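Spelled out from the first residue to the last, the chains are:
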Amino acid sequence: MDLTYTEEEEAFRRELRDWLAKVLPGLPPKPAATDWPGRRAYDCAWQRMLYDAGYAGLHWPADSGGRGASPTEHLIFLEETEKAGAPYVGAGFVGLLHAGPTIAVEGTDAQRRRWLPPILRGDEVWCQGFSEPEAGSDLAALRTRAVRDGDAYVVSGAKLWTSHAEVADWCELLVRTDPEAPKHRGITWLALPMDAPGVTVRPLRTLAGSQEFAELFLDEVRVPVGNRVGAENDGWRVTMVTLSFERGTAFVGEVVACRRVLGALAARARENGRWDDGALRGRLGRLHAEFAALWRLVQWNVSEAAAGGVPGAGGSVFKLRFSHARQELYDVAAEVLGAAVLDLDEEWVVDRLSSLSYTIAAGTSQIQRNIVAERILGLPKG
């Protein structure tokens, strides 16, 4: 892709900066990390502000409710909102970055009309029901069962690490509809209403004390057949679309955030005398180069998604390296902060705790290495 900016794109940047400068000072304080109902209200209110201003789903196709912006405009939006300290998608993460893009690509016209506008307006929040107690990295081993009964599927099973289930209206749910098929087949992608009878949510407390994940128990829950995205038993292919968005474009704002944290750490090191450590300066410099390279890879992946509709295997390259680079960044943060690393009131201390999950979330690093080996390097399957 062309990494230079046109006059139109620079005009878009100025317009966005002006809008952010106008609205951000009037935002209320952000709720505590442990207050997910409050966080949902806060995040959805921000999403509605983006929608009313024409910035929601900026890069989504116009027929899906977006603005049809170029990948470069999308990156400008992510870069400027992060630099300005604007709220992140938060509770809207799954709907805006996973389920919504998947429905936009794989859903019917009726499904796009039903689910995409409420996601973009911040009216409805989604969670992700993929992992199970015995099917995490080996997602295709999932056992949650869906049996067709007339115009509905009857679903029973359990999910684990269900993102934002406690405050969600809908769940992107993977179920097994053909237990006799090979494990990568016989899987179906369903949109589960979280208020359906038989749905039980049990929040999980993270190391940082928040509850953005939960266990999800399904006891003969009836899900309309019309809530199926893609064909029956074709859910693995649809899931690969979801995961390619998660790995390829869902983390792009966080690259900018990491670059901002890196600058803040350098400033803190100068303040507390740690800057005199040549080895530490070397680590900060290498991370600066690494995140600059990751930003270029982000540009490539977003451009590829815009051209083909779905991110390619480059998303796994990005996700693999970004996960480890983020952990390294917060290891350096611990070195710079010293005793302050024990203070959970420090936002980047909480971020360091969350970084520990990045080599597992959205597909483990081992899975990403397999994808890179097979789909990019052409190596035989292990």
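As a reminder, the structure under discussion sits directly above these lines.
Residues numbered from 1 in each chain as written. Predicted model: local features only at pLDDT ≥ 70, side-chain atom pairs only at ≥ 80, totals over all residues. Heavy atoms only, no water.

Side note on the nonpolar core
Part 1 of the argument: With 65 residues, the main nonpolar core has Trp-126, Trp-189, Phe-291 and Leu-329 as its most contacted residues.
Part 2 of the argument: With sequence-adjacent residues up to four places away left out, Leu-329 is seen in contact with Cys-258, Val-261, Leu-262, Leu-265, Leu-287 and Phe-291.
Part 3 of the argument: In this structure, Cys-127, Val-167, Leu-190 and Ala-214 belong to the second largest nonpolar core, which totals 25 residues. (Core = buried A, V, L, I, M, F, W, Y, C linked by side-chain atoms within 4.5 Å. Buried < 20%, exposed > 50% of the residue type's maximum accessible area, 1.4 Å probe, protein only. Contact = heavy atoms within 4.5 Å.)

Thoughts on the pattern of salt bridges
Part 1 of the argument: In total, this model carries 26 salt bridges according to the counting rule given.
Part 2 of the argument: In this structure, Asp-169 engages Arg-40 in a salt bridge whose closest nitrogen and oxygen atoms are separated by 3.0 Å. Of this pair, Asp-169 sits in the loop between β3 (152–159) and β4 (170–176) while Arg-40 sits in helix α2 (residues 36–53), and the two are 129 residues apart along the sequence.
Part 3 of the argument: A salt bridge links Glu-124 to Arg-114; its shortest N-O distance comes to 3.0 Å. Of this pair, Glu-124 sits in the loop between α5 (109–121) and β1 (126–129) while Arg-114 sits in helix α5, and the two are 10 residues apart along the sequence.
Part 4 of the argument: Using a relative accessible area of 18% as the deciding quantity, one classes Glu-124 as buried.
Part 5 of the argument: Several salt bridges share partner residues, and in doing so they unite Glu-10, Arg-13, Arg-17, Glu-79, Glu-80 and Lys-83 into one network. (Salt bridge = Lys/Arg side-chain N within 4 Å of Asp/Glu carboxyl O. Helix = DSSP H or I, 4+ residues; strand = E, 2+ residues; numbered from the N terminus.)

Notes on the side chain of Lys-159
Part 1 of the argument: Positionally, Lys-159 belongs in strand β3.
Part 2 of the argument: Assessed through its relative accessible area of 1%, Lys-159 is described here as buried.
Part 3 of the argument: Within polar-contact distance, the side chain of Lys-159 engages the side chain of Glu-132 at 2.9 Å.
Part 4 of the argument: A polar side-chain atom of Lys-159 sits 2.8 Å from the main-chain carbonyl oxygen of Leu-174.
Part 5 of the argument: Here Lys-159 is in contact with Gly-129, Phe-130, Ser-131, Glu-132, Leu-142, Thr-144, Leu-173, Leu-174, Ala-214, Glu-215 and Leu-216, once residues within four sequence places are set aside. (Polar contact = N/O pair within 3.5 Å; in protein donor to acceptor, adjacent residues only side chain to side chain.)

What about the packing of helix α1 (residues 7–23) against α2?
Part 1 of the argument: Contact geometry of α1 with α2 gives a least axis separation of 13 Å together with a crossing angle of 135°. With respect to α2, the axis of α1 lies oblique. Read as a crossing pair, α1 and α2 show a hand that is right-handed. From α1, Trp-19, Leu-20 and Val-23 reach across to α2, where they touch Trp-46, Met-49, Leu-50 and Ala-53. (Axes fitted to C-alpha atoms, helices over the stretch in contact; angles between N-to-C directions. Parallel < 35°, antiparallel > 145°, perpendicular 65-115°, else oblique. Left-handed = near helix turned anticlockwise from the far one by under 90°.)

Regarding unusual backbone geometry
Part 1 of the argument: Look at Trp-161: it is not a glycine, yet its phi comes out positive at around 55°.
Part 2 of the argument: Along the chain, the position of Trp-161 falls in the loop between β3 and β4.
Part 3 of the argument: The phi torsion at His-164 lies on the positive side, around 60°, for a residue other than glycine.
Part 4 of the argument: Among the secondary structure elements, His-164 is positioned in the loop between β3 and β4.
Part 5 of the argument: Assessed through its relative accessible area of 10%, His-164 is described here as buried.

Re empty space enclosed by the protein
Part 1 of the argument: Taken as a whole and assessed by the stated rule, the structure comprises two cavities of 30 Å³ or more.
Part 2 of the argument: By volume, the largest cavity is sized at about 80 Å³.
Part 3 of the argument: As for the largest cavity, its lining consists of 14 residues, of which Gln-47, Val-89, Gly-92, Leu-96 and Gly-122 are closest to the centre.
Part 4 of the argument: Secondary-structure elements contributing two or more residues to the lining of the largest cavity are α2 and α4 (93–106).
Part 5 of the argument: Looking at the lining of the largest cavity element by element, the count peaks at four residues for α2.
Part 6 of the argument: Its residues placed into classes, the lining of the largest cavity shows eight nonpolar, four polar and two charged. (1 Å grid on protein atoms, 1.4 Å probe; cavity = no way out; pocket = protein on both sides within 12 Å on 5 of 7 lines; lining within 4 Å. Points joined across faces, edges and corners; volume = space filled by probe spheres on them. Nonpolar A, V, L, I, M, F, W, Y, C, P; charged D, E, K, R; others polar.)

So, the packing of aromatic side chains
Part 1 of the argument: Inspection of the entire model under this criterion finds 10 aromatic pairs.
Part 2 of the argument: A centroid spacing of 5.4 Å and a plane angle of 75° characterise the contact between Trp-115 and Trp-170, whose relative ring orientation is edge-to-face. With Trp-115 in helix α5 and Trp-170 in strand β4, this residue pair connects regions lying 55 residues apart in the sequence. For the residue pair Trp-115 and Trp-170, the accessibility class agrees, reading buried in each case. (Phe/Tyr/Trp six-rings, centres within 6.5 Å; stacked < 30°, edge-to-face > 60°.)

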